[in-house]
Amino acid sequence: SVMLQGGTRQSQYQFSFTEPYLFNRPLTTGFTVFNTSFRYDQAREFFGIDPTQLPQGLGFENRLNFEQKGSGFNVFGSYPFKIWNRFGLNFGINHSQTSAINAATEEYFRGVTTQNDQSFINTEGGGGFSDFRARTLIPSFSFNRTNGPAISPTSGSSLSTTFEFTGGPLGGTVNYFRPTLDYRHFRPMNKGRNTLAVRVLGSFVSGFNNTSVPYYQ
């Protein structure tokens, strides 16, 4: 599949391919290549004012403006186990770069530090923001024992767990891990006319190797 989205504020270009049955086995594999950009202007986002038509002398020159760009790819695969269970593995490389558009934004981010006193600003190369290069490995496990339509189950339960590991021996400039658990339970009520749905979602993220979690996470 191909997704093309362009604009002056946000753009996203993505190409992905999925093979649901590789080597005549229920092995799902695929890859995704993407490139994104986002331009934030405080005057436009909060006040609906065209940045090119801002009045002078009212302090709008001190608004926060920045541009964030990202590019990378992911490769993934998954295999069913005992019909309802599935194991998966995802590996991705992502390069994220944020740059200040005006002096006020650069000064603001210069004063923002992480919990380990790591500045977001990289003084090399003219004071632009630091580049974040992430290499991520995500093993996953899921099961689905629900009944009824896939988009609106009437009974049963499902579970999805992932463990996102970035950096360390994989390389890059970002080091963190993030386990995530998503449990859903469905129970019919009123003789099947209604369904009670309960969802429990939990996640935790932490940096390691004396680095903090990047702000965009």
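Below is a summary of the structure that appears in this document.

Cut-off values and rules
- Residues numbered from 1 in each chain as written.
- Predicted model: local features only at pLDDT ≥ 70, side-chain atom pairs only at ≥ 80, totals over all residues.
- Heavy atoms only, no water.
- Helix = DSSP H or I, 4+ residues; strand = E, 2+ residues; numbered from the N terminus.
- Contact = heavy atoms within 4.5 Å.
- Areas by Shrake-Rupley, 256 points an atom, 1.4 Å probe, with all protein chains shown as cover.
- Pairing = 2+ DSSP bridges.
- Buried < 20%, exposed > 50% of the residue type's maximum accessible area, 1.4 Å probe, protein only.
- Patch = residues over 30% accessible without salt bridge, like charges linked within 9 Å, V, L, I, M, F, W, Y side chains within 5 Å.
- Salt bridge = Lys/Arg side-chain N within 4 Å of Asp/Glu carboxyl O.

Let's talk about the overall build of the chain
Then comes step 1: Counting its regular elements, the chain contains two helices and 10 strands.
Then comes step 2: The linear arrangement of helices and strands in the chain, starting from the amino end, is β-β-β-α-β-β-α-β-β-β-β-β.
Then comes step 3: A sequence separation of at least 24 residues applies to 55% of the contacts in the chain between residues at least 6 apart.
Then comes step 4: Looking at the chain as shown, the accessible area adds up to about 13800 Å², and 55% of this sits on carbon and sulfur atoms.

Quick word on the pairing of strand β2 (residues 10–19)
Then comes step 1: For strand β1 (residues 2–5) and β2, the ladder comprises four bridges, and the chain directions are antiparallel. Counted as the bridge partner of L4 is Y13 from β2.
Then comes step 2: In this sheet, strand β3 (residues 28–41) lies alongside β2 in antiparallel orientation, the contact comprising 10 bridges. Bridged to Y13 within β3 is N35.

A short note on unusual backbone geometry
Then comes step 1: With a phi angle near 55 degrees, F23 is a residue other than glycine that sits in the positive phi range.
Then comes step 2: Tracing the backbone through its elements, the reader meets F23 in the loop between β2 and β3.
Then comes step 3: Overall, F23 belongs to the exposed group, its relative accessible area being 67%.
Then comes step 4: One non-glycine residue, N190, adopts positive backbone phi at about 55 degrees.
Then comes step 5: The residue N190 is located in the loop between β8 (176–189) and β9 (194–203) in this model.

Concerning the side chain of S155
Then comes step 1: The residue S155 is located in strand β7 (residues 155–166) in this model.
Then comes step 2: Residue classification places S155 among the buried positions, given a relative accessible area of 17%.

Some thoughts on a nonpolar patch on the surface
Then comes step 1: A cluster of nonpolar side chains, V2, L4, Y13, F15, F17, F31, V33, F73 and V75, forms an exposed patch at the surface whose accessible area comes to about 830 Å².
Then comes step 2: Elements with a minimum of two residues in the nonpolar patch: β1, β2, β3 and β4 (65–81).
Then comes step 3: Tracing the chain through its elements places F15 in strand β2.

Quick word on the pattern of salt bridges
Pairing is possible between side chains that carry opposite charge, provided their charged atoms lie close to one another.
Then comes step 1: All chains considered together, the criterion is met by three salt bridges.
Then comes step 2: R184 is the partner of D182 in a salt bridge, and the nearest nitrogen-oxygen pair spans 3.2 Å.
Then comes step 3: Taking relative accessible area as the criterion, D182 reaches 13% and is therefore assigned buried.
Then comes step 4: For R184, a relative accessible area of 33% gives the class partly exposed.
Then comes step 5: When the shortest N-O distance is used, the salt bridge between R199 and D182 registers 3.0 Å. On the criterion of sequence distance, the pair formed by R199 in strand β9 and D182 in strand β8 is long-range, its members being 17 residues apart.
Then comes step 6: If you follow the salt bridges from partner to partner, you end up with D182, R184 and R199 in one network.

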